[in-house]
Amino acid sequence: MESDLSYDEYIENLYREARQIYPDDPLKQEEYVNEHRPLVYWNWNNLDSYLQFQRLLKKYREIGSQKTLILGLVVLNHVASGIDYLISKGLKKTGIDAEVNSSLNFTEASFSINFKF
């Protein structure tokens, strides 16, 4: 729906798709259109309003992608911290006084081992 300026334009595109899928069966074409017909009617006043809507929709999707990326980095950072702790704990059990640190952020990832003498 978001790619068409109006409900009527969307229905025209549905009929085109239906004719491609069922070229020799008008009843199946009509059935296809009725199955995919939206319940909402729309008609943009002008092209500028439609383009503004498209920009807002793009921004909304970008925010959703960023949210997913941030959540993934938070989870990955917690997993890395857990691994750091387990490695550091294992090194101390062997008598090596060392600490393992890792860090993740948007610009870099780092890993370090600090030995204490």
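Description of the structure in this document.

What counts and how
Residues numbered from 1 in each chain as written. Predicted model: local features only at pLDDT ≥ 70, side-chain atom pairs only at ≥ 80, totals over all residues. Heavy atoms only, no water. Salt bridge = Lys/Arg side-chain N within 4 Å of Asp/Glu carboxyl O. Helix = DSSP H or I, 4+ residues; strand = E, 2+ residues; numbered from the N terminus. Buried < 20%, exposed > 50% of the residue type's maximum accessible area, 1.4 Å probe, protein only. Axes fitted to C-alpha atoms, helices over the stretch in contact; angles between N-to-C directions. Parallel < 35°, antiparallel > 145°, perpendicular 65-115°, else oblique. Left-handed = near helix turned anticlockwise from the far one by under 90°. Contact = heavy atoms within 4.5 Å. Nonpolar A, V, L, I, M, F, W, Y, C, P; charged D, E, K, R; others polar.

Attention now moves to the pattern of salt bridges. This model, assessed by the stated rule, comprises one salt bridge. Between Glu12 and Arg16 there is a salt bridge, with its nearest N and O atoms 3.7 Å apart. Highlighted residues: Glu12 and Arg16, both in helix α1 (residues 7-21), separated by four residues, approximately one helical turn. What makes Glu12 partly exposed here is its relative accessible area of 44%. For Arg16, a relative accessible area of 41% gives the class partly exposed.

Attention now moves to the packing of α1 against helix α2 (residues 26-36). In contact at an axis separation of 9 Å, α1 and α2 are set at 135° when each is read in the N-to-C sense. It follows that α1 is oblique to α2 by the angle criterion. The handedness of the crossing between α1 and α2 is right-handed. Contact residues: Tyr10, Ile11, Leu14, Tyr15, Glu17, Ala18, Arg19 and Ile21 in α1; Gln29, Glu30, Tyr32, Val33 and His36 in α2. Along the lines of polarity and charge, the residues of the contact of α1 with α2 split into eight nonpolar, two polar and three charged.

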